[in-house]
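# Analysis of the macromolecular model
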Amino acid sequence: MKTGLVWEGGALRTIYSSGVCDALLDEGVPLPDYAIGVSAGIAYGVSYLSRQSRRNLKLVTAYARDRRYMGVRNLIDPHNRSYFGLKFVYDTIPNQLIPFDYDAFEAYPGTVEAVVTNLETGQAEYLPVPRRDPENTLLQATCAIPLMFPVIHYEGKPLLDGGCADPIPWKRALEAGCDRVVVILTRERKYRRETGGTRALDRAFRKYPAFVETMHRRSAAYNACRAELFAQEAEGKVLVLAPEDTLGCSRTERDLEILRALWQEGYFAGHKNAERIRSFWSEA
(Lines give C-alpha, C1' and ligand atoms only; values in the text may rest on other atoms or scores of the structure.)
Protein backbone atom coordinates (compact mmCIF):
# COMPACT_ATOMS: atom_id res chain seq x y z
CA MET A 1 0.00 0.00 0.00
CA LYS A 2 1.30 3.43 -0.95
CA THR A 3 0.63 6.98 0.28
CA GLY A 4 0.85 10.09 -1.85
CA LEU A 5 0.92 13.86 -1.52
CA VAL A 6 0.06 16.28 -4.33
CA TRP A 7 0.77 20.02 -4.40
CA GLU A 8 -0.94 22.53 -6.65
CA GLY A 9 1.18 25.49 -7.79
CA GLY A 10 0.49 29.18 -7.49
CA ALA A 11 3.88 30.88 -7.00
CA LEU A 12 3.89 32.79 -3.70
CA ARG A 13 0.30 31.71 -2.96
CA THR A 14 1.82 28.29 -2.32
CA ILE A 15 2.93 29.57 1.09
CA TYR A 16 -0.44 28.16 2.22
CA SER A 17 0.77 24.65 1.35
CA SER A 18 3.99 25.29 3.25
CA GLY A 19 1.97 26.14 6.33
CA VAL A 20 0.07 22.86 6.03
CA CYS A 21 3.28 20.87 5.63
CA ASP A 22 5.06 22.66 8.47
CA ALA A 23 2.19 21.66 10.76
CA LEU A 24 2.42 18.04 9.59
CA LEU A 25 6.13 18.06 10.42
CA ASP A 26 5.46 19.55 13.84
CA GLU A 27 2.77 16.93 14.48
CA GLY A 28 5.10 14.10 13.50
CA VAL A 29 2.93 12.84 10.64
CA PRO A 30 5.07 10.44 8.56
CA LEU A 31 6.19 11.59 5.12
CA PRO A 32 4.32 10.04 2.18
CA ASP A 33 5.76 7.33 -0.05
CA TYR A 34 5.24 9.48 -3.14
CA ALA A 35 5.15 13.23 -3.70
CA ILE A 36 4.39 15.24 -6.81
CA GLY A 37 3.89 18.93 -7.38
CA VAL A 38 3.46 21.64 -9.94
CA SER A 39 5.51 24.83 -10.08
CA ALA A 40 6.04 26.35 -6.62
CA GLY A 41 4.13 23.40 -5.19
CA ILE A 42 7.11 21.11 -5.70
CA ALA A 43 9.72 23.90 -5.44
CA TYR A 44 8.43 24.58 -1.92
CA GLY A 45 7.55 20.94 -1.31
CA VAL A 46 11.12 19.69 -1.36
CA SER A 47 11.73 21.62 1.89
CA TYR A 48 8.99 19.53 3.48
CA LEU A 49 10.54 16.31 2.20
CA SER A 50 13.89 17.41 3.64
CA ARG A 51 12.07 18.17 6.92
CA GLN A 52 13.08 21.84 6.91
CA SER A 53 10.12 23.28 8.76
CA ARG A 54 9.41 26.97 8.14
CA ARG A 55 12.20 27.28 5.57
CA ASN A 56 9.77 28.57 2.93
CA LEU A 57 8.20 31.03 5.36
CA LYS A 58 11.65 32.37 6.17
CA LEU A 59 12.48 32.58 2.47
CA VAL A 60 9.42 34.51 1.32
CA THR A 61 9.37 36.91 4.26
CA ALA A 62 13.07 37.63 3.76
CA TYR A 63 13.03 38.08 -0.03
CA ALA A 64 9.51 38.73 -1.38
CA ARG A 65 10.28 42.46 -1.38
CA ASP A 66 13.82 42.01 -2.67
CA ARG A 67 14.13 43.00 -6.33
CA ARG A 68 16.77 40.34 -6.79
CA TYR A 69 14.02 37.82 -6.04
CA MET A 70 11.32 39.20 -8.34
CA GLY A 71 10.60 42.32 -10.31
CA VAL A 72 10.41 43.82 -13.79
CA ARG A 73 14.14 44.57 -13.84
CA ASN A 74 14.80 40.83 -13.85
CA LEU A 75 12.40 40.37 -16.77
CA ILE A 76 14.09 42.95 -18.96
CA ASP A 77 17.58 41.78 -18.07
CA PRO A 78 18.82 40.03 -21.27
CA HIS A 79 20.83 37.62 -19.13
CA ASN A 80 17.80 36.60 -17.06
CA ARG A 81 14.54 37.20 -19.02
CA SER A 82 12.37 36.14 -16.08
CA TYR A 83 10.31 38.13 -13.59
CA PHE A 84 12.13 36.09 -10.96
CA GLY A 85 15.88 36.32 -10.58
CA LEU A 86 16.80 32.82 -11.71
CA LYS A 87 20.31 32.62 -10.31
CA PHE A 88 19.32 34.36 -7.08
CA VAL A 89 16.21 32.23 -6.47
CA TYR A 90 17.46 28.82 -7.61
CA ASP A 91 21.17 29.06 -6.75
CA THR A 92 22.14 31.83 -4.34
CA ILE A 93 19.29 31.31 -1.87
CA PRO A 94 19.37 27.49 -1.58
CA ASN A 95 23.15 27.22 -1.76
CA GLN A 96 24.19 30.23 0.34
CA LEU A 97 21.53 32.34 2.04
CA ILE A 98 18.90 29.86 3.29
CA PRO A 99 20.65 26.54 2.67
CA PHE A 100 18.65 23.64 1.37
CA ASP A 101 19.50 20.34 3.06
CA TYR A 102 20.48 18.20 0.09
CA ASP A 103 21.60 15.38 2.39
CA ALA A 104 18.19 15.16 4.05
CA PHE A 105 16.43 15.32 0.69
CA GLU A 106 18.65 12.57 -0.66
CA ALA A 107 17.81 10.47 2.40
CA TYR A 108 14.06 10.70 1.73
CA PRO A 109 13.23 7.15 0.59
CA GLY A 110 10.17 7.93 -1.49
CA THR A 111 9.59 9.02 -5.07
CA VAL A 112 9.52 12.74 -5.95
CA GLU A 113 8.23 14.06 -9.28
CA ALA A 114 7.77 17.50 -10.80
CA VAL A 115 5.29 18.27 -13.57
CA VAL A 116 6.46 20.18 -16.63
CA THR A 117 4.77 21.05 -19.91
CA ASN A 118 6.59 20.05 -23.10
CA LEU A 119 6.16 22.88 -25.61
CA GLU A 120 6.57 20.60 -28.61
CA THR A 121 3.74 18.25 -27.60
CA GLY A 122 1.67 20.50 -25.34
CA GLN A 123 1.51 17.58 -22.92
CA ALA A 124 2.46 17.19 -19.27
CA GLU A 125 5.56 15.19 -18.39
CA TYR A 126 6.36 13.83 -14.94
CA LEU A 127 10.05 13.89 -14.17
CA PRO A 128 11.98 12.68 -11.11
CA VAL A 129 13.40 15.55 -9.10
CA PRO A 130 17.20 15.22 -8.84
CA ARG A 131 18.32 14.89 -5.24
CA ARG A 132 21.40 17.04 -5.89
CA ASP A 133 21.23 19.79 -8.47
CA PRO A 134 22.79 23.05 -7.26
CA GLU A 135 21.19 24.97 -10.14
CA ASN A 136 17.76 23.35 -9.64
CA THR A 137 17.10 23.34 -13.38
CA LEU A 138 14.05 21.07 -13.24
CA LEU A 139 12.49 23.22 -10.53
CA GLN A 140 13.07 26.23 -12.76
CA ALA A 141 11.24 24.45 -15.55
CA THR A 142 8.20 23.46 -13.51
CA CYS A 143 7.94 27.04 -12.20
CA ALA A 144 8.39 28.69 -15.62
CA ILE A 145 5.18 30.69 -16.01
CA PRO A 146 4.62 31.52 -19.70
CA LEU A 147 5.68 35.08 -20.60
CA MET A 148 7.20 35.55 -17.13
CA PHE A 149 10.05 33.04 -17.65
CA PRO A 150 12.18 32.06 -20.61
CA VAL A 151 11.72 28.58 -22.01
CA ILE A 152 13.78 26.21 -19.86
CA HIS A 153 15.59 23.43 -21.67
CA TYR A 154 16.02 20.24 -19.68
CA GLU A 155 17.13 16.88 -21.05
CA GLY A 156 17.01 18.40 -24.53
CA LYS A 157 13.35 19.45 -24.31
CA PRO A 158 11.78 22.94 -24.27
CA LEU A 159 9.71 23.14 -21.09
CA LEU A 160 7.47 25.51 -19.16
CA ASP A 161 5.23 25.47 -16.09
CA GLY A 162 3.68 22.06 -15.49
CA GLY A 163 0.42 23.73 -14.49
CA CYS A 164 -0.24 24.59 -18.13
CA ALA A 165 -0.98 20.95 -18.94
CA ASP A 166 -1.71 19.34 -15.55
CA PRO A 167 -2.43 21.89 -12.82
CA ILE A 168 -3.30 19.40 -10.06
CA PRO A 169 -1.60 16.06 -10.78
CA TRP A 170 -3.72 13.85 -8.51
CA LYS A 171 -4.43 11.41 -11.34
CA ARG A 172 -0.70 10.89 -11.81
CA ALA A 173 -0.44 9.97 -8.10
CA LEU A 174 -3.12 7.30 -8.55
CA GLU A 175 -1.45 6.04 -11.72
CA ALA A 176 1.81 5.80 -9.76
CA GLY A 177 0.12 3.28 -7.48
CA CYS A 178 -0.88 5.47 -4.53
CA ASP A 179 -3.79 4.09 -2.52
CA ARG A 180 -4.35 7.15 -0.30
CA VAL A 181 -3.68 10.58 -1.79
CA VAL A 182 -3.71 13.92 0.01
CA VAL A 183 -4.06 16.95 -2.26
CA ILE A 184 -3.20 20.48 -1.13
CA LEU A 185 -4.81 23.20 -3.23
CA THR A 186 -3.93 26.89 -3.30
CA ARG A 187 -7.32 28.18 -4.36
CA GLU A 188 -10.58 28.17 -2.43
CA ARG A 189 -13.02 25.37 -3.13
CA LYS A 190 -15.48 27.76 -4.75
CA TYR A 191 -12.87 29.14 -7.17
CA ARG A 192 -13.37 28.75 -10.91
CA ARG A 193 -10.84 29.90 -13.49
CA GLU A 194 -12.24 32.29 -16.05
CA THR A 195 -11.19 32.13 -19.67
CA GLY A 196 -8.73 34.90 -20.50
CA GLY A 197 -7.26 36.29 -23.67
CA THR A 198 -4.48 34.30 -25.30
CA ARG A 199 -3.38 36.77 -27.97
CA ALA A 200 0.03 37.42 -26.40
CA LEU A 201 0.60 33.70 -25.90
CA ASP A 202 -0.46 32.97 -29.48
CA ARG A 203 2.18 35.37 -30.76
CA ALA A 204 4.96 34.41 -28.35
CA PHE A 205 4.59 30.65 -28.87
CA ARG A 206 3.44 30.44 -32.50
CA LYS A 207 6.27 27.98 -33.22
CA TYR A 208 4.69 25.61 -30.68
CA PRO A 209 1.07 25.15 -31.91
CA ALA A 210 0.40 22.17 -29.64
CA PHE A 211 1.31 24.26 -26.59
CA VAL A 212 -0.88 27.14 -27.80
CA GLU A 213 -3.81 24.74 -28.12
CA THR A 214 -3.19 23.50 -24.58
CA MET A 215 -3.30 27.08 -23.32
CA HIS A 216 -6.59 27.70 -25.14
CA ARG A 217 -8.12 24.77 -23.21
CA ARG A 218 -6.42 25.60 -19.93
CA SER A 219 -9.29 27.19 -18.01
CA ALA A 220 -11.84 24.55 -18.93
CA ALA A 221 -9.36 21.76 -18.20
CA TYR A 222 -8.52 23.25 -14.80
CA ASN A 223 -12.16 23.53 -13.77
CA ALA A 224 -12.88 19.99 -14.95
CA CYS A 225 -9.84 18.68 -13.06
CA ARG A 226 -11.12 20.21 -9.83
CA ALA A 227 -14.64 18.89 -10.37
CA GLU A 228 -13.31 15.36 -10.84
CA LEU A 229 -11.08 15.76 -7.79
CA PHE A 230 -13.95 16.79 -5.55
CA ALA A 231 -16.00 13.84 -6.85
CA GLN A 232 -13.15 11.50 -5.89
CA GLU A 233 -13.02 13.15 -2.48
CA ALA A 234 -16.73 12.53 -1.96
CA GLU A 235 -16.07 8.83 -2.60
CA GLY A 236 -13.29 8.81 0.00
CA LYS A 237 -10.51 8.11 -2.48
CA VAL A 238 -8.58 11.33 -1.86
CA LEU A 239 -8.35 13.85 0.95
CA VAL A 240 -8.31 17.52 -0.08
CA LEU A 241 -7.15 20.58 1.84
CA ALA A 242 -7.86 24.04 0.43
CA PRO A 243 -7.63 27.55 1.82
CA GLU A 244 -10.87 29.08 3.01
CA ASP A 245 -9.65 32.52 1.94
CA THR A 246 -6.47 33.32 0.02
CA LEU A 247 -6.75 36.94 1.20
CA GLY A 248 -6.27 38.20 -2.33
CA CYS A 249 -2.72 36.83 -2.38
CA SER A 250 -1.26 37.08 -5.86
CA ARG A 251 1.38 34.92 -7.49
CA THR A 252 3.85 37.77 -7.01
CA GLU A 253 2.65 38.96 -3.61
CA ARG A 254 4.93 41.40 -1.76
CA ASP A 255 2.71 42.14 1.27
CA LEU A 256 4.39 40.28 4.12
CA GLU A 257 1.28 40.46 6.32
CA ILE A 258 -0.74 38.63 3.66
CA LEU A 259 2.00 36.02 3.16
CA ARG A 260 2.33 35.37 6.90
CA ALA A 261 -1.45 35.20 7.31
CA LEU A 262 -1.82 32.71 4.44
CA TRP A 263 0.99 30.56 5.87
CA GLN A 264 -0.78 30.66 9.24
CA GLU A 265 -4.09 29.65 7.65
CA GLY A 266 -2.30 26.67 6.13
CA TYR A 267 -0.59 25.87 9.43
CA PHE A 268 -3.92 25.86 11.28
CA ALA A 269 -5.43 23.63 8.58
CA GLY A 270 -2.50 21.22 8.82
CA HIS A 271 -2.71 21.12 12.61
CA LYS A 272 -6.47 20.60 12.51
CA ASN A 273 -6.22 17.78 9.97
CA ALA A 274 -2.99 16.13 11.13
CA GLU A 275 -4.66 13.16 12.82
CA ARG A 276 -7.12 12.83 9.98
CA ILE A 277 -4.24 12.64 7.49
CA ARG A 278 -2.29 10.25 9.71
CA SER A 279 -5.33 7.96 9.92
CA PHE A 280 -6.07 8.29 6.19
CA TRP A 281 -2.52 7.34 5.27
CA SER A 282 -2.35 4.56 7.85
CA GLU A 283 -5.27 2.85 6.06
CA ALA A 284 -3.14 2.52 2.94
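Right, let's walk through the structure included here. (Residues numbered from 1 in each chain as written. Predicted model: local features only at pLDDT ≥ 70, side-chain atom pairs only at ≥ 80, totals over all residues. Heavy atoms only, no water.)

## Describing the packing of aromatic side chains
Filter applied, for reference: Each pair of aromatic rings taken from Phe, Tyr and Trp, with Trp reduced to its six-membered ring, is defined by centres within 6.5 Å and is described as stacked if the planes are under 30 degrees apart, edge-to-face if over 60, and tilted in the remaining cases. Under the scheme used here, helices are H or I runs from DSSP no shorter than 4 residues and strands are E runs no shorter than 2 residues, and both carry numbers assigned from the N terminus. Note on exposure labels: buried denotes an accessible area under 20% of the residue type's maximum, exposed denotes more than 50%, and partly exposed covers the range between, all computed with a 1.4 Å probe on protein chains only.
This model, assessed by the stated rule, comprises 10 aromatic pairs. Taken together, a centroid distance of 5.4 Å and an interplanar angle of 85 degrees make the contact between tyrosine 63 and phenylalanine 88 edge-to-face. Placement of the pair is tyrosine 63 in helix H3 (residues 55–63) and phenylalanine 88 in helix H5 (residues 86–97), with a sequence separation of 25 residues. A residue is classified by how much of its surface remains accessible, and tyrosine 63, at 12% relative accessible area, is buried. Phenylalanine 88 gets classed as buried once you look at its relative accessible area, which sits at 9%.

## Concerning the pattern of salt bridges
Working definition: two side chains of opposite charge can pair if their charged atoms are close together. Spelled out, the test is: Basic side-chain nitrogens of Lys or Arg form a salt bridge, by our definition, when they fall within 4 Å of a carboxyl oxygen of Asp or Glu.
The tally for this structure, following the rule as stated, stands at 12 salt bridges. Two residues, aspartate 103 and arginine 132, come together in a salt bridge whose shortest N-O distance is 2.1 Å. Of this pair, aspartate 103 sits in helix H6 (residues 102–107) while arginine 132 sits in the loop between strand E4 (124–128) and helix H7 (137–142), and the two are 29 residues apart along the sequence. Look at arginine 132 and you get partly exposed, because its relative accessible area is 43%. As a salt-bridge pair, lysine 171 and glutamate 228 come within 2.9 Å of each other at their nearest N and O atoms. Residue lysine 171 is found in helix H8 (residues 170–175), and its partner glutamate 228 is found in helix H11 (residues 218–234); the two are separated by 57 residues along the sequence. Relative accessible area serves as the criterion here: at 38%, lysine 171 is assigned to the partly exposed category. Here the salt bridges share partners, and the residues they tie into one network are Asp103, Glu106 and Arg132.

## Description of the nonpolar core
To be explicit about the condition: Take the buried residues of types Ala, Val, Leu, Ile, Met, Phe, Trp, Tyr and Cys, join any two whose side-chain atoms come within 4.5 Å, and each joined set is a nonpolar core. By definition in these notes, contact holds between two residues if any of their heavy atoms fall within 4.5 Å.
If you look at the biggest cluster of nonpolar residues, it comprises 80 residues, and the most contacted ones within it are Trp7, Tyr48, Tyr69, Phe84, Val129 and Phe149. The element that contributes the greatest number of residues to this core is helix H12 (residues 256–282), accounting for 11 residues. Not counting residues within four places of it along the chain, the set of residues in contact with phenylalanine 149 comprises Arg81, Ser82, Phe84, Leu86, Tyr90, Gln140, Cys143 and Ala144. One finds Ile36, Val115, Ile168 and Cys178 within the second-largest nonpolar core, a separate group that totals 19 residues.

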